[in-house]
Amino acid sequence: MEDRQTACFQVDLRRMGGAKRTRGSTVPCMPLRRSTVRGREFGDAIRALLRAAGLTNRAAAELLGWQEAKVSELINGKEGTTDLELAQLLGLLRTPPAEFDHLMALYRETNMRDWLQPKSAGKPDRARTLREHEKIATEVTGWSMNIVHGLVQVADYAHFVGRAMANLPEDDLPVYVSNRIARQKEALDGYRTITLYMHEQALRLPVGNPAVMAEQLHHLLRVSVRPYLNIRLVPTSFGPHAGLSGDFNLLKFKKIPPLVHLESEGANVFLEDQPSVDRYETVLKSLDQTALDEAASRKLITEIIGEETQHDQVAQE
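The residue count restarts for each chain, going from 1 along the sequence in the order it is written. Only residues with pLDDT of at least 70 get local features here, since the model is predicted, and only at 80 or more are side-chain atom pairs given and counted; chain-wide, interface and lining totals rely on the full set of residues. Processing note: side-chain calculations cover all non-hydrogen atoms of the structure and skip hydrogens and water entirely.

Visitor: Hey, could you go over helix α8 (residues 155-165) for me, with residue numbers and the actual values?
Guide: Each α-helix winds once per 3.6 residues, and so residues spaced three or four apart point in a common direction. Classification of residues uses two cut-offs on accessible area relative to the type maximum, computed with a 1.4 Å probe and protein chains only: under 20% is buried, over 50% is exposed, and between them is partly exposed. Helix and strand assignments follow DSSP, with helices taken as H or I runs no shorter than four residues and strands as E runs no shorter than two, numbered in order from the N terminus. If you check which residues of α8 are buried, you get Tyr157, Ala158, Val161 and Gly162. Considered in projection along α8, the buried side chains sweep an arc of 130° and stay on one side of the axis. In this analysis, two residues are considered to be in contact whenever any of their non-hydrogen atoms come within 4.5 Å of each other. Among the structural elements, α9 (173-187), α10 (200-204) and α11 (210-223) are those in contact with the buried residues of α8. Two residues or fewer past α8, Asn167 is found with a positive phi of approximately 55°. What the arc measures is the spread of directions leading from the helix axis to the C-beta atoms.

See the structure below:
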């Protein structure tokens, strides 16, 4: 089966020089696991726990009475570790209860492609998987139709978006905002190319109060001049466009296949199968033809700022 692929070598009697092997026999070997979103999150989590505990793979293995290779193979997603053994490792690393349950469940699914993550109520950090993959991506392309893209939201704007869209209690909003800002700092460090397509209406939708919107729009102008960040706007005057199906992010990497991230009210979704990724790449190619270039996008942002300032002055009068 595809999810349980094994690598075997055909052994030719003449090449092996062995009298006891017959031509065409196979040599069993360790099952190979393909790289998946689940598998990478699992491995990264174990590495983080080891660092937090101040342990190397070898030190952890010695404390558990294992071979060092067993810890390495577990982190890299190879099979052969039982639930009990994984629980022993997580216990040694003093894993918090919620993370313990998450990793125990995740290990059983690390070979599965595509991941639907239902959103549990009361959990403000809903972007863990996305954040961890953005850190290792070489290219991130996002499309946001109704609000400013999360990678360029200011804190106050994110606060009002979190309260409205995520329906979070007021006490959870600071954590939601801090997670959003942390994600931005990690992704916008200059080590990857980021292209953000946004609809003009995303910039015109009032979020918070006029001061929040003014801060947000000026922030877009400031960050738009960064050499690794491209902001492209789809003007309202264009009419229907390829992005009408909703927001998404496409992430590309050096050594692993690209993936698509979608977010809805009930779940985060990660798509890894190539046909699905191809469909979203087609949408982005269309948006590239539809959107204003960077200079024209900055000009439109400036115009919107001027219009909003004029409206505020009229309202005050």
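Visitor: Run through unusual backbone geometry, naming residues and quoting values.
Guide: Of all residues except glycine, most have a negative phi; of all peptide bonds, most are trans. Positive phi values are uncommon outside glycine, yet Arg94 reaches one of about 50°. Summarising the element assignment, Arg94 is placed in the loop between α5 (83-92) and α6 (97-107). Taking relative accessible area as the criterion, Arg94 reaches 74% and is therefore assigned exposed. With phi around 65°, Asp114 is a residue other than glycine that occupies positive phi space. For Asp114, the location among the structural elements is in the loop between α6 and β3 (115-118).

Visitor: Give me the side chain of Arg38: which residues, what numbers.
Guide: Mapping Arg38 onto the fold places it in helix α2 (residues 37-53). Whenever a nitrogen or oxygen atom comes within 3.5 Å of another N or O atom, the pair is scored as a polar contact, on the condition that within protein one atom can donate a hydrogen and the other can accept it, and that pairs from neighbouring residues in sequence are kept only if both atoms are in side chains. A distance of 3.4 Å separates the side chain of Arg38 from the side chain of Glu109, its partner in a polar contact. Look past the residues within four positions of Arg38 in its chain and what remains in contact with it is Leu106, Glu109, Thr110, Met112, Arg113, Asp114 and Trp115.

Visitor: Give me the lowdown on the pattern of salt bridges, citing residues and values where you can.
Guide: Salt bridge, as applied in this entry: a Lys or Arg side-chain nitrogen positioned within 4 Å of an Asp or Glu carboxyl oxygen. Evaluated as defined, the whole model comprises 15 salt bridges. For the salt bridge of Glu99 with Arg128, the shortest nitrogen-to-oxygen distance reads 2.7 Å. Of the two residues, Glu99 is situated in helix α6 and Arg128 in helix α7 (residues 128-136); the sequence distance between them amounts to 29 residues. With relative accessibility at 16%, the residue Glu99 sits in the buried group. The network of salt bridges with shared partners includes Glu41, Glu99, Arg128 and Glu132.

Visitor: Describe the nonpolar core, listing the residues and the values that go with them.
Guide: Among buried residues, those of type Ala, Val, Leu, Ile, Met, Phe, Trp, Tyr and Cys that are joined through side-chain atoms within 4.5 Å constitute a nonpolar core. If you look at the biggest cluster of nonpolar residues, it comprises 62 residues, and the most contacted ones within it are Ile46, Tyr157, Leu203, Leu220 and Leu229. With 6 residues, α2 is the largest single contributor of residues to this core. Look past the residues within four positions of Leu203 in its chain and what remains in contact with it is Val148, Met198, Met213, Leu217, Leu220, Leu233, Ile301 and Ile304. Of all hydrophobic cores here, the second largest spans 15 residues; its members include Trp143, Met145, Val234 and Leu262.

Visitor: Kindly report on the confidence of the model for the chain, identifying the contributing residues and their values.
Guide: Each residue gets a pLDDT score, which is the predictor's confidence in that residue and runs from 0 to 100. When pLDDT is averaged across the chain, the result is 84; 84% of the residues are at 70 or more. Confidence over residues 1-33 falls short of pLDDT 50; this stretch has 48 contacts with residues more than four positions distant or in other chains.

Visitor: Give a detailed account of the packing of aromatic side chains, specifying residues and quantitative values.
Guide: Aromatic rings from Phe, Tyr and Trp, with only the six-membered ring used for Trp, were paired whenever their centres fell within 6.5 Å, and each pair was classed as stacked if the ring planes differed by under 30 degrees, edge-to-face if by over 60, and tilted otherwise. Overall, the coordinates contain 2 aromatic pairs when judged by the stated rule. Judged by centre distance (5.2 Å) and plane angle (40°), the ring pair of Phe42 and Tyr107 falls under tilted. Note that Phe42 is positioned in helix α2 and Tyr107 in helix α6, a separation of 65 residues in sequence. For a lysine, the NZ atom is tested; for an arginine, the CZ atom; a charge sits over a ring if that atom is within 6 Å of the ring centre and within 35 degrees of the ring normal. Of note, Arg40 hangs over the ring of Phe253, and the distance from its end group to the ring centre comes to 5.9 Å.

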